[in-house]
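Examining the three-dimensional arrangement
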Amino acid sequence: MKDYIKINEKDNVIVALKPLAKGYVLDDGTVLNEDIDQGHKVALCDLKVGDSIIKYGNLIAYAKEDIKRGDHIHVHNIRTTLGDINDYTYNPVKCDDKDLGEDYFMGYVRKDGKVGVRNEIWIMPTVGCVNSVVKKIEQEAQKYVGGSLEGIIAFNHPYGCSQMGDDQENTREVLADLICHPNAGGVLVVGLGCENSNIEEIKKHMPDYDPEHIKFVIAQEYEDEVEKALEVIAELAEYVKGFKREKVSTSKLIVGLKCGGSDGLSGITANPTVGRFSDILIGHHGTTILTEVPEMFGAEQLLMNRAKDEETFNKTVDLINNFKNYYKANNQTIYENPSPGNKKGGISTLEDKSNGCVQKSGDSTVMDVLEYGMKVKNPGLNLLSAPGNDLVASTALAAAGAHIILFTTGRGTPFACPVPTIKISSNTPLYEKKKNWIDFNAGELIEDKTLQEMGEKLYKEVIETASGKLVKAEAEGYHDLAIFKKGVTL
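This text gives an overview of the structure that appears in the document. Note that the structure is predicted; figures quoted are calculated from it, not measured.

Procedures and definitions
- Residues numbered from 1 in each chain as written.
- Predicted model: local features only at pLDDT ≥ 70, side-chain atom pairs only at ≥ 80, totals over all residues.
- Heavy atoms only, no water.
- Helix = DSSP H or I, 4+ residues; strand = E, 2+ residues; numbered from the N terminus.
- Rg over C-alpha atoms; globule rule 2.2 N^0.38 Å.
- Buried < 20%, exposed > 50% of the residue type's maximum accessible area, 1.4 Å probe, protein only.
- Contact = heavy atoms within 4.5 Å.
- Salt bridge = Lys/Arg side-chain N within 4 Å of Asp/Glu carboxyl O.
- Patch = residues over 30% accessible without salt bridge, like charges linked within 9 Å, V, L, I, M, F, W, Y side chains within 5 Å.
- Areas by Shrake-Rupley, 256 points an atom, 1.4 Å probe, with all protein chains shown as cover.
- Lys, Arg positive; Asp, Glu negative; His and termini not counted.
- Charge placed at Lys NZ, Arg CZ, Asp CG, Glu CD.
- Pairing = 2+ DSSP bridges.
- Polar contact = N/O pair within 3.5 Å; in protein donor to acceptor, adjacent residues only side chain to side chain.
- Axes fitted to C-alpha atoms, helices over the stretch in contact; angles between N-to-C directions.
- Parallel < 35°, antiparallel > 145°, perpendicular 65-115°, else oblique.
- Left-handed = near helix turned anticlockwise from the far one by under 90°.
- Phe/Tyr/Trp six-rings, centres within 6.5 Å; stacked < 30°, edge-to-face > 60°.

Side note on the overall build of the protein
On a plain count of helices and strands, the protein comes out with 13 helices and 21 strands. Over its C-alpha trace the protein gives a radius of gyration of 23 Å, about what one expects of a compact globule, namely 23 Å for 490 residues. For the protein, the spread of C-alpha atoms along the three principal axes comes to 75 × 45 × 40 Å. Considering the protein as a whole, with its 490 residues, one finds that 58% of them fall into the buried category. Considering only contacts in the protein between residues 6 or more positions apart, those separated by 24 or more positions represent 71%.

Now the structure itself:
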């Protein structure tokens, strides 16, 4: 295993791959002036105030004081390069898109031709007022699990009423998207009866729903709403048990790409591994979705230049600038990131984080850009408008159609989302410490594996998961849902 890495030949910093002591000598003769933690950066030359800090071959910061060769480079001596709204120019690059041929997994084919990787019953509340009710229904309905019915899960959320305008519509759209998700062989929608986002409003967002697949209970209409709901679930269970796994083309597989609790190795190990996986799945005619727009700031031009055409480029520009305007409209700076945990792990600026984040997109062409609440239409790499928040972004990926989420992390997290969430550690110590959270160790990339080997290994893990292998969060019974709140609460 190497002690440190210079990611790109243009870089004027190295990143420590393990803790390095003061006095350690790099291969170029640079002597460390202080102890350096894993994931943190060291200057390879003397820098003056205002000089550029280059990592990943890209600008990630400016020096805010003089920095000596061998010094630790971090938040104390560099500053962001980011400002407000930018003008962009389309400078297309030819992507190395490969056709790797057809591949397959074992999935569930629905009546409408969509494919699921799980065969569950989802219980979806229209409003937070019935959260406790749906949890009680979930508990009492477990007796129906068995055969090909793999689980009965209730998803709580606090919304569905006292919202206005686009905020209310966002909630309705995302709930409708999830209700129609093919990982759910059957869905029970539970409403209160007096909420703004009532069942009839939700139905407007799914006019072609199948009444065998999706059923409804309005709590205020029954003396015992739990008893009624269990009667409905008994019907759904019989229907769902009629589905069996069968061989399905990977052209039907959609995987969301997300990172959180990143450290200085995330952009060196875990995110590039996911990027190579993304290229492999797309080569097998599948689809991936990259989101968390605020963590594209500072690296967005790299994605823009990979747009399939000028229309897609313009949609990417709008994706970035609309999110910046959202920040400005709420009197927030666009660079209030990275988090304290990110900084402790060695990430110094948003540009530093973003250049690592976009590694998850691999090298494929950007085929489409989706607004929040939109579903995937075009195979290949898609960009999705959603914030960086782990739960909100992962839910948005599921609502867009992702069957599985790949979640890279350098710090670790137990959360899940409505679809299987594969946790990928950036470093081996995290994997060894939190095996109850982490499914895949990308730390091997700096030990004895190549990027191609790691990408292929992750691809195999995803195919196995799509074919029924449980991820750690599923085995623990963890399932989370979070909707993007963007408006006034009455």
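A closer look at the environment of alanine 307
Relative to the assigned elements, alanine 307 resides in the loop between α6 (300-304) and α7 (310-329). Residues alanine 307 and lysine 252, spaced 55 residues apart in sequence, show a C-alpha to C-alpha distance of 22 Å. Ignoring any residue separated from it by four or fewer positions in sequence, one finds alanine 307 in contact with Tyr90, Thr312, Phe313, Thr365 and Val366.

Quick look at the pattern of salt bridges
The tally for this structure, following the rule as stated, stands at 29 salt bridges. A salt bridge links aspartate 28 to arginine 69; the shortest N-O distance between them is 3.9 Å. With aspartate 28 in the loop between β2 (13-16) and β3 (41-43) and arginine 69 in the loop between β5 (58-63) and β6 (72-73), this residue pair connects regions lying 41 residues apart in the sequence. For aspartate 28, a relative accessible area of 44% corresponds to the partly exposed category. Judged by relative accessible area, which is 36%, arginine 69 ranks as partly exposed. Each of Glu169, Arg172, Glu201 and Lys204 takes part in salt bridges that share partners, so that together they form one network.

Focus: a negative patch on the surface
A cluster of like negative charges, contributed by Glu140, Glu223, Asp224 and Glu227, occupies part of the molecular surface. Its location among the elements puts glutamate 223 in the loop between β13 (214-218) and α4 (225-240).

Some remarks on the sheet that holds β6
Reading across the sheet, the 4 strands line up as β1-β2-β3-β6 and stay open at both edges, with antiparallel pairing between neighbours. Since the sheet does not close on itself, it has two edges, and those belong to β1 (4-5) and β6, each with one partner.

Regarding the environment of arginine 69
Sequence separation between arginine 69 and methionine 164 is 95 residues, and the spatial gap between their C-alpha atoms is 55 Å. What arginine 69 contacts, discounting residues up to four positions off in sequence, is Asp28, Gly29, Thr30, Val31, Asn33, Ala43, Leu44, Cys45 and Asp46. Only 2.9 Å separates the side chain of arginine 69 from the backbone oxygen of aspartate 28, close enough to count as a polar contact.

Some remarks on the side chain of aspartate 167
Summarising the element assignment, aspartate 167 is placed in helix α2 (residues 165-179). For aspartate 167, a relative accessible area of 0% translates into the label buried. Among residues more than four places away in sequence, those in contact with aspartate 167 are Phe484, Lys485, Lys486, Gly487 and Val488.

Observations regarding the side chain of asparagine 355
Following the sequence through the fold, asparagine 355 ends up in helix α9 (residues 350-357). Residue asparagine 355 is classed as buried on the basis of its relative accessible area, which comes to 1%. The contacts of asparagine 355, once residues within four sequence positions are left out, are Tyr56, Asn58, Leu59, Ile60, Gly298, Ala299 and Leu302.

Notes on the packing of helix α1 (residues 131-141) against α4
One way to put it is that α1 packs onto α4 with a least axis distance of 10 Å and a crossing angle of 50 degrees. As far as their axial angle goes, α4 and α1 are oblique. In this structure, α1 crosses over α4, and the sense of that crossing is right-handed. Mapping the contact onto sequence places Val133, Lys136, Ile137, Glu140 and Ala141 in α1 and Glu225, Val226, Ala229, Leu230 and Ile233 in α4.

With respect to unusual backbone geometry
Positioned with a positive phi, serine 162 is a non-glycine residue whose angle comes to about 60 degrees. If you trace the backbone, serine 162 turns up in the loop between β11 (151-154) and α2. Note on serine 162: relative accessible area 27%, which makes it partly exposed.

Considerations on the packing of aromatic side chains
Evaluation of the coordinates by the stated rule reveals 14 aromatic pairs. Where tyrosine 90 meets phenylalanine 313, the ring centres are 4.9 Å apart and the plane angle is 25 degrees; that geometry is what we call stacked. A residue pair is termed long-range when its members are at least 10 positions apart, and tyrosine 90 in the loop between β7 (78-79) and β8 (104-109) and phenylalanine 313 in helix α7 qualify at 223 residues. Comparing tyrosine 90 with phenylalanine 313 shows no difference in burial state: the two are buried. A centroid spacing of 5.2 Å and a plane angle of 75 degrees characterise the contact between tryptophan 122 and phenylalanine 155, whose relative ring orientation is edge-to-face. Taken as a pair, tryptophan 122 in strand β10 (residues 120-125) and phenylalanine 155 in the loop between β11 and α2 lie far apart in primary sequence, 33 residues in all. In terms of burial, tryptophan 122 and phenylalanine 155 fall into one category: buried.

Points about the sheet that holds strand β16 (residues 287-290)
What the 7 strands build is an open sheet, ordered β17-β18-β16-β15-β19-β20-β21; its pairing is parallel. Two strands close off the open sheet at either side, each with one partner strand: β17 (366-370) and β21 (440-441). Strand direction decides the pairing type here: β16 and strand β18 (residues 380-384), joined by 4 bridges, are parallel. When the sheet's bridge partners are listed, threonine 287 is paired in β18 with glycine 380. Of the strands in this sheet, β15 (254-259), β16, β18 and β19 (404-409) are in contact with helix α10 (residues 390-399), which crosses β15 at around 170 degrees.

What to know about the packing of helix α5 (residues 270-283) against helix α12 (residues 451-466)
α12 packs onto α5 with a crossing angle of 65 degrees between their chain directions and a minimal axis gap of 8 Å. In this view, α5 runs roughly perpendicular relative to α12, as classed from their interaxial angle. In the packing of α5 onto α12, the handedness of the crossing is right-handed. Packed against α5, whose contacting residues are Pro272, Thr273, Val274, Arg276, Phe277, Ile280 and Leu281, the element α12 presents Leu451, Gln452, Met454, Gly455, Glu456, Leu458, Tyr459 and Val462 at the interface.

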